[in-house]
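Below, each chain spelled out in residue letters.
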Amino acid sequence: MNALNPTAARATPHDTAKFKLLLQREYWENRGGFFWAPLITGGIIVGLNLILAVIGSIAARRSMGSSGFVFEDADPHQVGTALGAMGDGMMLGGVIVACVVLAFVVFFYALGSLYDDRRDRSILFWKSLPVSDTQTVLSKAAWALVLAPLWAIGVGLLIGVALWVISALTITVNGLPAAHAVFTQSHPLKIVFGVLASLPVYMVWALPTIGWLMFCSAWARSKPFLWAVLIPVLACVVISMTTILPGVDIAHDKVWYTLVYRGLLSVVPGGWFPAYGGLIDPAPDINTPDELASAIDLTRSWNAFATADLWIGAAVGAAFIAIAIRLRRWRDEA
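Each chain has its residues counted from 1, following the order in which its sequence is written. Local features in this predicted model are restricted to residues of pLDDT 70 or higher, and side-chain atom pairs are both shown and tallied only at a pLDDT of 80 or more, whereas totals for entire chains, interfaces and linings draw on every residue. Note that water and hydrogens are dropped before the side-chain values are worked out from all heavy atoms of the structure.

Caption draft 1: Region of the structure containing the pattern of salt bridges. What counts as a salt bridge is simple: a side-chain nitrogen of Lys or Arg found within 4 Å of a carboxyl oxygen of Asp or Glu. Counted under the stated rule, the structure contains 7 salt bridges. For Glu26, the salt bridge is made with Arg25, and the minimal N-O distance between the two is 3.5 Å. Owing to a relative accessible area of 7%, Arg25 belongs among the buried residues under this scheme. Residue Glu29 pairs with Arg25 through a salt bridge whose shortest N-O separation is 3.3 Å. Placement of the pair is Glu29 and Arg25 together in helix 2 (residues 15-64), with a separation of 4 residues, close to one helical turn. Each of Arg25, Glu26, Glu29, Asp117 and Lys140 takes part in salt bridges that share partners, so that together they form one network. Whether a residue is buried, partly exposed or exposed follows from its accessible area with a 1.4 Å probe, protein chains only, as a fraction of its type maximum: under 20%, in between, or over 50%, in that order. Counting from the N terminus, the helices are the DSSP runs of H or I reaching at least four residues and the strands are the DSSP runs of E reaching at least two.

Structure follows, in C-alpha coordinates:
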(Lines give C-alpha, C1' and ligand atoms only; values in the text may rest on other atoms or scores of the structure.)
Protein backbone atom coordinates (compact mmCIF):
# COMPACT_ATOMS: atom_id res chain seq x y z
CA MET A 1 0.00 0.00 0.00
CA ASN A 2 2.79 2.43 0.88
CA ALA A 3 4.44 1.79 -2.49
CA LEU A 4 1.27 3.06 -4.17
CA ASN A 5 0.99 6.04 -1.84
CA PRO A 6 4.19 8.13 -1.74
CA THR A 7 2.64 10.52 0.76
CA ALA A 8 2.05 7.74 3.26
CA ALA A 9 5.55 6.41 2.70
CA ARG A 10 7.11 9.75 3.49
CA ALA A 11 8.25 9.78 7.09
CA THR A 12 6.69 12.51 9.23
CA PRO A 13 9.36 14.54 11.04
CA HIS A 14 9.46 13.87 14.75
CA ASP A 15 8.59 16.73 17.10
CA THR A 16 12.17 16.73 18.36
CA ALA A 17 13.48 17.25 14.82
CA LYS A 18 10.97 20.06 14.27
CA PHE A 19 12.01 21.77 17.48
CA LYS A 20 15.67 21.47 16.53
CA LEU A 21 14.97 23.10 13.17
CA LEU A 22 13.11 25.93 14.93
CA LEU A 23 16.10 26.48 17.21
CA GLN A 24 18.37 26.63 14.17
CA ARG A 25 16.02 29.12 12.54
CA GLU A 26 16.20 31.39 15.59
CA TYR A 27 19.98 31.23 15.54
CA TRP A 28 20.33 32.15 11.87
CA GLU A 29 17.82 34.98 12.13
CA ASN A 30 19.37 36.42 15.31
CA ARG A 31 23.02 35.36 15.18
CA GLY A 32 24.10 39.00 15.19
CA GLY A 33 22.83 39.41 18.73
CA PHE A 34 23.35 35.90 20.05
CA PHE A 35 26.73 35.12 18.50
CA TRP A 36 28.52 38.27 17.37
CA ALA A 37 27.48 40.83 19.99
CA PRO A 38 29.28 39.18 22.95
CA LEU A 39 32.25 38.22 20.77
CA ILE A 40 32.74 41.74 19.39
CA THR A 41 32.26 43.32 22.80
CA GLY A 42 34.70 40.87 24.33
CA GLY A 43 37.23 41.54 21.58
CA ILE A 44 37.00 45.28 22.22
CA ILE A 45 37.42 44.84 25.97
CA VAL A 46 40.41 42.52 25.52
CA GLY A 47 41.98 44.85 22.95
CA LEU A 48 41.58 47.89 25.20
CA ASN A 49 42.97 45.95 28.14
CA LEU A 50 46.00 44.93 26.10
CA ILE A 51 46.61 48.50 24.94
CA LEU A 52 46.32 49.82 28.49
CA ALA A 53 48.68 47.11 29.75
CA VAL A 54 51.32 48.07 27.17
CA ILE A 55 50.93 51.81 27.81
CA GLY A 56 51.00 51.29 31.57
CA SER A 57 54.13 49.12 31.40
CA ILE A 58 55.95 51.64 29.23
CA ALA A 59 54.98 54.53 31.50
CA ALA A 60 56.01 52.60 34.62
CA ARG A 61 59.42 51.70 33.20
CA ARG A 62 60.07 55.27 32.15
CA SER A 63 59.24 56.59 35.61
CA MET A 64 60.96 53.83 37.63
CA GLY A 65 63.83 52.84 35.39
CA SER A 66 64.53 49.73 33.37
CA SER A 67 64.39 47.49 36.44
CA GLY A 68 60.63 47.93 36.71
CA PHE A 69 58.85 47.64 40.06
CA VAL A 70 60.91 46.87 43.14
CA PHE A 71 59.32 45.41 46.29
CA GLU A 72 62.11 44.93 48.80
CA ASP A 73 59.93 44.58 51.91
CA ALA A 74 56.91 42.91 50.33
CA ASP A 75 55.60 39.72 51.90
CA PRO A 76 55.61 37.12 49.10
CA HIS A 77 52.55 35.40 50.58
CA GLN A 78 50.52 38.60 50.68
CA VAL A 79 51.64 39.56 47.18
CA GLY A 80 50.79 36.10 45.88
CA THR A 81 47.35 36.15 47.49
CA ALA A 82 46.64 39.60 46.08
CA LEU A 83 47.69 38.52 42.59
CA GLY A 84 45.55 35.39 42.86
CA ALA A 85 42.55 37.51 43.83
CA MET A 86 43.28 39.76 40.87
CA GLY A 87 43.24 36.72 38.59
CA ASP A 88 39.85 35.73 39.99
CA GLY A 89 38.62 39.27 39.42
CA MET A 90 39.73 39.17 35.79
CA MET A 91 37.94 35.87 35.18
CA LEU A 92 34.77 37.13 36.81
CA GLY A 93 35.05 40.46 35.01
CA GLY A 94 34.97 38.71 31.64
CA VAL A 95 31.76 36.92 32.61
CA ILE A 96 30.20 40.18 33.82
CA VAL A 97 30.95 41.86 30.47
CA ALA A 98 29.24 39.03 28.58
CA CYS A 99 26.27 39.09 30.97
CA VAL A 100 25.72 42.82 30.42
CA VAL A 101 25.57 42.21 26.67
CA LEU A 102 23.29 39.22 27.28
CA ALA A 103 20.78 41.36 29.19
CA PHE A 104 20.37 43.79 26.27
CA VAL A 105 20.29 41.05 23.63
CA VAL A 106 17.70 38.91 25.43
CA PHE A 107 15.49 41.89 26.29
CA PHE A 108 15.13 43.10 22.71
CA TYR A 109 15.07 39.58 21.27
CA ALA A 110 12.11 38.57 23.45
CA LEU A 111 10.38 41.88 22.73
CA GLY A 112 10.54 41.35 18.96
CA SER A 113 10.34 37.56 18.89
CA LEU A 114 6.65 37.35 17.92
CA TYR A 115 6.02 40.89 16.71
CA ASP A 116 8.61 40.79 13.92
CA ASP A 117 6.95 37.76 12.32
CA ARG A 118 3.70 39.68 12.07
CA ARG A 119 5.31 42.91 10.94
CA ASP A 120 7.06 41.38 7.92
CA ARG A 121 4.19 38.91 7.32
CA SER A 122 6.54 35.92 7.54
CA ILE A 123 4.11 34.48 10.08
CA LEU A 124 2.01 33.34 7.11
CA PHE A 125 4.90 31.24 5.85
CA TRP A 126 5.70 29.72 9.24
CA LYS A 127 2.05 28.91 9.90
CA SER A 128 1.99 26.98 6.62
CA LEU A 129 4.66 24.61 7.92
CA PRO A 130 3.87 21.50 10.01
CA VAL A 131 5.01 23.10 13.27
CA SER A 132 2.73 24.16 16.08
CA ASP A 133 2.52 27.61 17.65
CA THR A 134 3.56 26.03 20.93
CA GLN A 135 6.78 24.70 19.41
CA THR A 136 7.51 28.03 17.76
CA VAL A 137 7.03 30.11 20.90
CA LEU A 138 8.89 27.63 23.12
CA SER A 139 11.86 27.59 20.72
CA LYS A 140 12.12 31.36 21.14
CA ALA A 141 11.81 31.05 24.91
CA ALA A 142 14.52 28.36 24.90
CA TRP A 143 16.96 30.72 23.22
CA ALA A 144 16.19 33.53 25.63
CA LEU A 145 16.34 31.41 28.78
CA VAL A 146 18.90 28.68 28.03
CA LEU A 147 20.93 28.82 24.83
CA ALA A 148 21.78 32.53 24.76
CA PRO A 149 22.87 32.57 28.45
CA LEU A 150 24.91 29.39 27.92
CA TRP A 151 26.72 30.94 24.95
CA ALA A 152 27.27 34.17 26.90
CA ILE A 153 28.84 32.20 29.76
CA GLY A 154 31.22 30.49 27.35
CA VAL A 155 32.22 33.77 25.71
CA GLY A 156 32.54 35.45 29.11
CA LEU A 157 34.91 32.76 30.34
CA LEU A 158 37.02 33.17 27.20
CA ILE A 159 37.15 36.92 27.81
CA GLY A 160 38.11 36.28 31.42
CA VAL A 161 40.91 33.90 30.42
CA ALA A 162 42.26 36.47 27.95
CA LEU A 163 42.24 39.21 30.61
CA TRP A 164 43.80 36.75 33.04
CA VAL A 165 46.69 35.97 30.68
CA ILE A 166 47.24 39.65 29.82
CA SER A 167 47.46 40.50 33.52
CA ALA A 168 49.91 37.68 34.17
CA LEU A 169 52.15 38.74 31.28
CA THR A 170 52.03 42.37 32.36
CA ILE A 171 53.00 41.49 35.92
CA THR A 172 55.81 39.22 34.74
CA VAL A 173 57.24 41.78 32.33
CA ASN A 174 57.27 44.47 35.00
CA GLY A 175 59.14 42.28 37.46
CA LEU A 176 56.62 41.96 40.27
CA PRO A 177 57.53 39.24 42.76
CA ALA A 178 55.58 35.98 42.75
CA ALA A 179 54.06 36.77 39.35
CA HIS A 180 53.21 33.09 38.92
CA ALA A 181 50.69 33.47 41.76
CA VAL A 182 48.22 34.94 39.24
CA PHE A 183 47.79 31.34 38.11
CA THR A 184 48.66 29.30 41.19
CA GLN A 185 46.71 31.36 43.76
CA SER A 186 43.56 32.02 41.71
CA HIS A 187 40.50 29.80 41.49
CA PRO A 188 39.40 29.48 37.84
CA LEU A 189 37.59 26.15 38.27
CA LYS A 190 35.64 27.56 41.20
CA ILE A 191 34.50 30.47 39.06
CA VAL A 192 33.60 28.25 36.10
CA PHE A 193 31.59 25.91 38.30
CA GLY A 194 29.89 28.79 40.11
CA VAL A 195 28.90 30.53 36.87
CA LEU A 196 27.49 27.32 35.38
CA ALA A 197 25.65 26.59 38.63
CA SER A 198 23.97 30.00 38.38
CA LEU A 199 22.42 29.18 35.00
CA PRO A 200 19.39 27.25 36.39
CA VAL A 201 18.69 30.14 38.76
CA TYR A 202 18.81 32.60 35.87
CA MET A 203 16.40 30.47 33.83
CA VAL A 204 13.77 30.68 36.58
CA TRP A 205 14.61 34.26 37.63
CA ALA A 206 14.26 35.67 34.09
CA LEU A 207 10.91 34.01 33.36
CA PRO A 208 8.64 36.93 34.39
CA THR A 209 10.45 39.41 32.15
CA ILE A 210 10.76 37.00 29.22
CA GLY A 211 7.10 36.04 29.54
CA TRP A 212 5.94 39.66 29.75
CA LEU A 213 8.02 40.75 26.76
CA MET A 214 6.85 37.82 24.63
CA PHE A 215 3.26 38.55 25.62
CA CYS A 216 3.64 42.18 24.52
CA SER A 217 5.36 41.00 21.34
CA ALA A 218 2.37 38.80 20.50
CA TRP A 219 -0.30 41.28 21.62
CA ALA A 220 0.88 44.73 20.48
CA ARG A 221 -0.15 45.76 16.97
CA SER A 222 2.68 48.32 16.85
CA LYS A 223 5.50 49.67 19.00
CA PRO A 224 5.75 46.76 21.47
CA PHE A 225 8.61 48.49 23.30
CA LEU A 226 6.35 51.34 24.40
CA TRP A 227 3.65 48.97 25.59
CA ALA A 228 6.09 46.69 27.42
CA VAL A 229 7.90 49.50 29.23
CA LEU A 230 5.29 52.22 29.65
CA ILE A 231 2.54 50.06 31.14
CA PRO A 232 4.53 48.93 34.24
CA VAL A 233 6.38 52.23 34.64
CA LEU A 234 3.26 54.39 34.35
CA ALA A 235 1.41 52.03 36.68
CA CYS A 236 4.13 52.51 39.29
CA VAL A 237 4.10 56.29 38.83
CA VAL A 238 0.31 56.49 39.20
CA ILE A 239 0.33 54.30 42.29
CA SER A 240 3.16 56.35 43.80
CA MET A 241 1.18 59.56 43.23
CA THR A 242 -1.59 58.23 45.45
CA THR A 243 0.45 59.42 48.44
CA ILE A 244 -1.23 62.80 48.00
CA LEU A 245 -4.54 61.21 48.94
CA PRO A 246 -5.34 61.14 52.66
CA GLY A 247 -5.53 57.75 54.28
CA VAL A 248 -3.81 55.92 51.41
CA ASP A 249 -0.81 53.89 52.49
CA ILE A 250 0.75 51.73 49.77
CA ALA A 251 4.14 50.03 49.88
CA HIS A 252 5.51 51.82 46.82
CA ASP A 253 8.85 50.07 47.02
CA LYS A 254 7.16 46.69 46.64
CA VAL A 255 5.14 47.94 43.67
CA TRP A 256 8.26 49.18 41.88
CA TYR A 257 10.07 45.97 42.75
CA THR A 258 7.27 43.79 41.36
CA LEU A 259 6.42 45.69 38.19
CA VAL A 260 9.76 47.17 37.16
CA TYR A 261 12.57 45.25 38.83
CA ARG A 262 11.03 41.80 38.43
CA GLY A 263 8.83 42.65 35.46
CA LEU A 264 11.41 44.39 33.27
CA LEU A 265 14.87 43.84 34.71
CA SER A 266 14.91 40.14 35.53
CA VAL A 267 16.86 39.52 32.32
CA VAL A 268 19.93 40.91 34.10
CA PRO A 269 21.99 37.94 35.36
CA GLY A 270 22.71 38.01 39.07
CA GLY A 271 19.79 40.31 39.83
CA TRP A 272 18.69 37.91 42.55
CA PHE A 273 21.68 38.79 44.74
CA PRO A 274 20.50 42.31 45.70
CA ALA A 275 16.87 41.16 45.70
CA TYR A 276 17.43 38.26 48.08
CA GLY A 277 20.32 39.74 50.03
CA GLY A 278 18.66 38.94 53.32
CA LEU A 279 17.77 35.38 52.35
CA ILE A 280 20.85 34.25 50.43
CA ASP A 281 23.85 33.87 52.70
CA PRO A 282 25.64 37.16 52.06
CA ALA A 283 29.33 37.30 51.23
CA PRO A 284 31.53 38.39 54.12
CA ASP A 285 33.03 41.85 54.36
CA ILE A 286 35.93 42.00 51.94
CA ASN A 287 38.98 43.64 53.50
CA THR A 288 41.79 41.33 52.37
CA PRO A 289 42.57 39.28 49.24
CA ASP A 290 41.85 36.09 51.20
CA GLU A 291 38.34 37.33 52.00
CA LEU A 292 37.83 38.22 48.34
CA ALA A 293 38.77 34.69 47.29
CA SER A 294 36.39 33.17 49.82
CA ALA A 295 33.60 35.53 48.78
CA ILE A 296 33.64 34.28 45.17
CA ASP A 297 31.06 31.57 45.74
CA LEU A 298 28.40 31.86 43.06
CA THR A 299 26.81 28.59 44.17
CA ARG A 300 25.04 30.67 46.84
CA SER A 301 22.60 31.47 44.03
CA TRP A 302 20.88 28.13 44.61
CA ASN A 303 19.53 29.42 47.92
CA ALA A 304 17.19 31.58 45.82
CA PHE A 305 15.18 28.44 45.04
CA ALA A 306 13.96 28.53 48.64
CA THR A 307 12.18 31.86 48.09
CA ALA A 308 8.50 32.13 47.17
CA ASP A 309 9.18 35.25 45.11
CA LEU A 310 11.26 33.29 42.62
CA TRP A 311 8.55 30.69 42.01
CA ILE A 312 5.69 33.18 41.90
CA GLY A 313 7.58 35.15 39.26
CA ALA A 314 8.27 31.95 37.32
CA ALA A 315 4.57 31.03 37.40
CA VAL A 316 3.58 34.49 36.16
CA GLY A 317 6.17 34.31 33.38
CA ALA A 318 4.99 30.86 32.31
CA ALA A 319 1.40 32.15 32.23
CA PHE A 320 2.42 35.05 29.98
CA ILE A 321 4.18 32.63 27.62
CA ALA A 322 1.06 30.44 27.51
CA ILE A 323 -1.05 33.50 26.65
CA ALA A 324 1.48 34.48 23.96
CA ILE A 325 1.05 31.02 22.39
CA ARG A 326 -2.70 31.51 22.44
CA LEU A 327 -2.45 34.99 20.91
CA ARG A 328 -0.18 33.79 18.14
CA ARG A 329 -2.63 31.02 17.33
CA TRP A 330 -5.85 33.04 17.30
CA ARG A 331 -4.89 36.69 16.79
CA ASP A 332 -6.59 38.12 13.69
CA GLU A 333 -4.19 40.52 11.99
CA ALA A 334 -6.43 41.25 9.04
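Caption draft 2: Representation of empty space enclosed by the protein within the structure. Throughout, the protein atoms alone are placed on a 1 Å grid, and a set of points is a cavity if a 1.4 Å probe fits but cannot get out or a pocket if it is open with protein on both sides within 12 Å along at least five of seven lines; lining residues have an atom within 4 Å of a point. Grid points are joined across faces, edges and corners, and a volume is the space filled by probe spheres set on the points. Per the counting criterion, the structure on display carries 1 cavity of 30 Å³ or more. In this model, the largest cavity occupies a volume close to 40 Å³. In this structure, the largest cavity is lined by Gly33, Phe34, Pro38, Val101, Leu102, Val105, Ala148, Trp151 and Ala152. Among the elements of the structure, helix 2, helix 3 (76-112) and helix 6 (133-173) are those that each provide at least two residues to the lining of the largest cavity. Residue composition of the lining of the largest cavity, grouped by class: 8 nonpolar, 1 polar and no charged. Each residue gets one of three labels, nonpolar for Ala, Val, Leu, Ile, Met, Phe, Trp, Tyr, Cys and Pro, charged for Asp, Glu, Lys and Arg, and polar for the others, Gly among them.

Caption draft 3: Spatial organisation of helix 9 (residues 207-219). Here helix 9 contains 13 residues, and its C-alpha end-to-end distance of 18 Å stays within 8% of the 18 Å for a straight helix at 1.5 Å per residue. By the criterion of burial, helix 9 is predominantly enclosed, with 12 of the 13 residues buried. The set of residues buried in helix 9 consists of Leu207, Pro208, Thr209, Ile210, Gly211, Trp212, Leu213, Met214, Phe215, Cys216, Ser217 and Ala218. Here, expected helix span is obtained from the residue count minus one, scaled by 1.5 Å.

Caption draft 4: The arrangement of the layout of surface pockets in detail. In this structure, the largest pocket encloses a volume near 610 Å³. Around the largest pocket, the lining comprises 28 residues; the ones closest to its centre are Cys99, Val268, Pro269, Gly270 and Trp272. Mapped onto the lining of the largest pocket, the elements with two or more residues apiece are helix 3, helix 6, helix 8 (188-205) and helix 12 (272-275). Broken down by element, the lining of the largest pocket gets its largest block of residues, 10 residues, from helix 3. Its residues placed into classes, the lining of the largest pocket shows 25 nonpolar, 2 polar and 1 charged. Of all the secondary structure elements, the ones that give two or more residues to the lining of the second largest pocket are helix 9, helix 10 (224-241), helix 11 (252-264) and helix 14 (308-330).

Caption draft 5: Expanded view of unusual backbone geometry. Backbone geometry places Lys223, a non-glycine residue, at a positive phi of 50°. Locating Lys223 in the fold gives a position in the loop between helix 9 and helix 10. On the basis of relative accessible area, Lys223 is assigned to the exposed category, the value being 54%.

Caption draft 6: Main features of the packing of aromatic side chains. Stacked, edge-to-face and tilted labels apply to pairs of Phe, Tyr and Trp rings (six-membered ring for Trp) whose centres lie within 6.5 Å, assigned for plane angles under 30 degrees, over 60, and everything in between, in that order. Under the definition given, this model contains 22 aromatic pairs. Both rings, one in Phe34 and one in Tyr109, keep their centres 4.8 Å apart while their planes meet at 65°; by these two values the pair is edge-to-face. On the criterion of sequence distance, the pair formed by Phe34 in helix 2 and Tyr109 in helix 3 is long-range, its members being 75 residues apart. Summarising the burial analysis for this pair, Phe34 and Tyr109 share the class buried. The rings of Tyr27, Trp28, Phe34, Phe35, Trp36, Tyr109, Trp143 and Trp151 are connected pair by pair, giving a single aromatic cluster. In this scheme, the term charge over a ring applies when either NZ of a lysine or CZ of an arginine sits within 6 Å of the ring centre and within 35 degrees of the ring normal. Of note, Arg262 hangs over the ring of Trp205, and the distance from its end group to the ring centre comes to 4.0 Å.

Caption draft 7: Geometry of the environment of Ala37. Residue placement: Ala37 occurs in helix 2. Look at Ala37 and you get partly exposed, because its relative accessible area is 22%. The spatial distance from the C-alpha of Ala37 to the C-alpha of Val101 is 7.1 Å, given a sequence separation of 64 residues. When sequence neighbours within four positions are dropped, the list of residues in contact with Ala37 reads Gly32, Val101 and Val105. Whether two residues are in contact is decided by their heavy atoms, any of which lying within 4.5 Å being enough.

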